[in-house]
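Commentary on secondary and tertiary structure
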Amino acid sequence: MQITRIHPSFVAEVSGLDLRQPLNPAQAAAVQDAMDRHAVLVFHDQAITDDQQKAFARNFGTLEFATGNIQTSDERRLAFDMADISNLDQNNKLFARDDRRRMFNLGNLLWHSDSSFKATPAKFSALSARAIPSAGGDTQFADMRAAYDALDDATRAEIADMVTHHSLIYSRGLLGFGEFTPDEREKFAPVRQRLVRRNAATGRKSIFLSSHIGEIEGMPRPEAMALIRDLMEHATQPQFVYTHKWRLHDLVMWDNRQTMHRARRYNDVGEIRDMRRTTVEDIAPTLQQAA
Ligand code: OGA
Ligand code: MN
């Protein structure tokens, strides 16, 4: 197994590992260690099945259920423990432009950390490219440790103990999507998260940002959202960002505790982009983890 850093502060390419095969304990530990260190890992030429992808992800924690969308269970294309990041419905047909599931899914174009809207958010996500469009559809990642390190002392002190509220209703609202049913409003009720978190393995701190944030406790909303915007702008400067241009059968894994990501636009009403994500949960809500 070879690990080569491809960005100054994070992201490495891993070769010499066949993800169709079960990892042995030493391999799993090496991948976990590389994730702590590099926060995003790129594996090329991994033509895996859904079951192989789930087995790979289980090396790093408990698979989460993909409940972060508005599909009903009979509208699902994939099993409940796989997030469908495609533009396809349950019959493998492209979503129409005005399909509300499509409009909801466009929220992935905003910088976020996966499942930060859940009480226990995501630890790692692994995204497998099964079909890619001819243009667009890159994925960008931002290093929230480097962004934290680059804050001035006053800002670091100011945000140290802040608690934010995250919800899918807030992120979709940023794009002007607000048509939620009462059931969805209940399912997507805001959850509390720390704004600054610390990686237990490395001791490094990061800013836990996400477009799902809609509130900072103890602060009027406009003031909170202006601060979050400032932090977002800071954290997504070019020096903190890596752009992944997908090749078919790439698998990219990222640490949601230490990075943000977003999809870039593509012709999603004309071309298929079939991406499938396995996600493992973090060990506890962020407020129950050491600051
Ligand atoms: C995800 C995600 C971005 C993309 O899989 O969680 O946000 O480029 N994907 O599809
Ligand atoms: Mn995501």
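These notes cover the structure that comes with them. (Residues numbered from 1 in each chain as written. Chains lettered and ligands numbered in written order. Predicted model: local features only at pLDDT ≥ 70, side-chain atom pairs only at ≥ 80, totals over all residues. Heavy atoms only, no water.)

In terms of nonpolar packing, the biggest core is built from 25 residues, with Ile159, Leu195, Ile207 and Leu209 touching the most fellow members. Breaking this core down by element, the ones donating at least two residues are helix H4 (144–149), strand S11 (213–216) and helix H8 (221–235). When residues of this core are assigned to their parent elements, the largest contribution, 6 residues, is made by H8. Residues in contact with Leu195, not counting those within four places in the same chain, are Ile159, Met162, Thr164, Ser206, Ile207, Phe208, Leu209, Ile228 and Leu231. In this structure, Val31, Ala34, Phe60 and Met253 belong to the second largest nonpolar core, which totals 21 residues. (Core = buried A, V, L, I, M, F, W, Y, C linked by side-chain atoms within 4.5 Å. Buried < 20%, exposed > 50% of the residue type's maximum accessible area, 1.4 Å probe, protein only. Helix = DSSP H or I, 4+ residues; strand = E, 2+ residues; numbered from the N terminus. Contact = heavy atoms within 4.5 Å.)

Here we take up the coordination of the manganese ion (ligand 2). Under ideal tetrahedral coordination, the four donors around a metal are separated by 109.5 degrees; under ideal octahedral coordination, the six donors are separated by 90 or 180 degrees. Only His112 (NE2), Asp114 (OD) and His261 (NE2) from the protein coordinate the manganese ion (ligand 2), and they sit 2.1 to 2.2 Å from it. Expressed as a motif, the donor residue spacing for the manganese ion (ligand 2) is H-x1-D-x146-H. With Asp114 in the loop between helix H3 (100–105) and strand S5 (122–131) and His261 in strand S14 (residues 259–263), the pair connects residues that are 147 residues apart, well separated along the chain. (Donors = N, O, S within 2.8 Å, 3.2 Å for Na, K, Ca; no water.)

Our focus in this paragraph is the site of ligand 1. The immediate surroundings of ligand 1 are formed by Ile85, Asn108, His112, Asp114, Leu127, Asp138, Thr139, Trp254, His261, Ala263, Arg273 and Arg277. Take Thr139: an N or O atom from its side chain is 2.5 Å from an oxygen atom of ligand 1. Take Arg277: an N or O atom from its side chain is 2.6 Å from an oxygen atom of ligand 1. Coverage of ligand 1 by the protein amounts to 99% of the 290 Å² it exposes when considered alone. A breakdown of the residues in the shell around ligand 1 according to their chemical character gives 4 nonpolar, 4 polar and 4 charged. (Near = heavy atom within 4 Å. Polar contact = N/O pair within 3.5 Å; in protein donor to acceptor, adjacent residues only side chain to side chain. Areas by Shrake-Rupley, 256 points an atom, 1.4 Å probe, with all protein chains shown as cover. Nonpolar A, V, L, I, M, F, W, Y, C, P; charged D, E, K, R; others polar.)

Okay, the pairing of S5 next. Counting buried positions along S5 yields 9 of 10 residues, so the element is predominantly enclosed. Across 7 bridges, the pairing between S5 and strand S15 (residues 274–281) is antiparallel. Bridge assignment links Leu127 to a residue of S15, and that residue is Arg277. Across 5 bridges, the pairing between S5 and strand S13 (residues 251–255) is antiparallel. Among the inter-strand pairings, Ala126 is bridged to a residue of S13, identified as Met253. (Pairing = 2+ DSSP bridges.)

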